[in-house]
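Understanding the architecture of this molecule
Listed below are the residues making up each chain.
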Amino acid sequence: MQHGISLLPDCRPATRGAREYYEDVLRISRLADEAGLDYVKMTEHYLKEYGGYCPSPLTFLAAVAAQTSRIRLMTGCVLPAFHHPIQLAAHTAMVDALSGGRLDVGFARAWMPYEFTAFGVSMDESRDRFNHTIAAVLRLWTEEKVSEESPFFSFRDATSLPAPVQRPHPPVWGAAVRSRQSFAWLAEQGFGLLVTPPPRQQDLAGVRDLVEVYLDTFEDVHGSTPDGPRPRVAVSIPLYVAETDDEAYETADPLLREYLTVWAEAAEAWMHTSSKDYPTYSQMALTLRNLDIADFRSLGTAVVGSPATVLERARQLRDFLSVDTFLWQVDFGGQDGATMERSFRLFRDEVLPQLR
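What comes next is a walk through the structure. Because the structure is a prediction, the values reported are computed rather than measured.

Reading the values: the criteria
Residues numbered from 1 in each chain as written. Predicted model: local features only at pLDDT ≥ 70, side-chain atom pairs only at ≥ 80, totals over all residues. Heavy atoms only, no water. Buried < 20%, exposed > 50% of the residue type's maximum accessible area, 1.4 Å probe, protein only. Helix = DSSP H or I, 4+ residues; strand = E, 2+ residues; numbered from the N terminus. Pairing = 2+ DSSP bridges. Polar contact = N/O pair within 3.5 Å; in protein donor to acceptor, adjacent residues only side chain to side chain. Core = buried A, V, L, I, M, F, W, Y, C linked by side-chain atoms within 4.5 Å. Contact = heavy atoms within 4.5 Å. Disulfide = S-S within 2.5 Å.

Across the two faces of strand β8 (residues 192-195) the burial is the same, with G192 and L194 and L193 and V195 all buried. As paired elements, strand β7 (residues 172-175) and β8 share three bridges and run parallel to each other. Bridge pairing in β8 places A175 opposite L194. Sheet topology note: the β8/strand β9 (residues 233-241) ladder contains three bridges and is parallel. Each residue of the ladder has a partner; that of L193, found in β9, is V233.

As C-alpha cells, then:
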C-alpha cells in the first residue's frame, strides 16, 4: 500500500492568491517527503477556479523536486489533447532528469468543454488524440529518429532531448472516469489506473465494476509473470483529520461544500454541450450541487473524521475499490496552509502507520 498527496487547486482569486497557494502546497510537499510518503500529484486545468492555479503540473513538480529528496512526482494529469507529443516527451523527460528519475507521468483526456473551446480542439476527437499522442510520446522517450503521421500531428526523424533518466521511460498512468472502454484500454497498454471516485455512494458500485474490468483485462493481456507489468490502482480522495469527528466535520464541511461548488461551476458547461466521447456528463453539475455533505463524507468518498474514523473509512475504500495507492487530496475547498498542515500531521502520526 502506497500513499501520496493529491493537489487540485480550487481557490478563488478574490479570497486566496496563487503565490500563497503555491507556498502552502510546497510546504505540504516537503512534509510529505519527510514523512516518507510516496507521491506528490498535481493536475492540469485552465481558466476557471477548478484547477486554474495549475496550468502546468510539470512546472510545479520541478519546484517540488528542487525542495525534496526522495518523494516521487506524479502528473495527475497532463492533458495530451492540448499538447504536441514532442513537447510532452521533452518536458516530462526534463523533469525526470531534474528530479533524478522520480517522475511518474499520468495522462487524462480532459473533460471541461470550455478548455476544448479555448484551445480550438474538438471534444469529439479527444479519445483519438489521447491515444495517438501517448503512443507518440512513448516512442519519443525510447527511440531515435521517430516519424509519426496522424490526423492531429506529423513529424519526421525526431530524436527527443533530453532522454528520460528512467529506463525504458517513466511509469505511465491514465485517468479513467466512467467509460468501460477507457478502463480496458489502460489495462491493455499496461498503464497504471488513476481514479477519482464519484462523490455519491450509489455510484461507487459502478466504479468498482470498472476497476474489475481494468484488473481482469490486465490479467488477460499481461498475465502475472514476475517480470511483467503489474496493475496499479490509485485513488484520489479528499482527506481531513482532526482530534474528534465533530471537530473534523466543523472544519471540513464548509470546505467540502466549496470544493463541490467550484467543481459544479466548472461542470455547468456541460448543460450546453454534448459530445459522443462524453455521453454521461450532462447532469454532473446538478448532482454536485444537490449532494448532501454529510452523505459525501459518511457514505461517499470524502474521508473526514478522527484518526479512528479515517482509518476505518480508508480500509473500507481500499477493500471495496481494490486500491493499492491512496492519493490524499489535502487542499480541497481553498483551505489555507495551517488547516492543511494540522490535518496532515495527524494523518502522518496516527493514521498512516496503521494503514501501512
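Next comes the rest of the account.
Before going further, it helps to examine helix α6 (residues 180-189). Those residues of α6 that sit buried are S182, F183, A184, W185, L186 and A187. The N-capping residue of α6, defined by a side-chain oxygen 3.2 Å from the backbone nitrogen of Q181, is S179. Positive phi shows up at G190, right after α6, with a value of about 80°.

With 78 residues, the main nonpolar core has F60, F107, L193 and W328 as its most contacted residues. Setting aside anything within four residues of it in sequence, one finds L193 in contact with W173, G174, A176, F183, L186, V211, Y214, R232, V233 and A234.

The final tally for this structure, using the stated rule, is zero disulfides. Residue C11 stays outside any disulfide, its sulfur separated by 11 Å from that of C54, the closest cysteine. Judged by relative accessible area, C11 falls into the buried class, the value being 2%. For C54, a relative accessible area of 3% gives the class buried.

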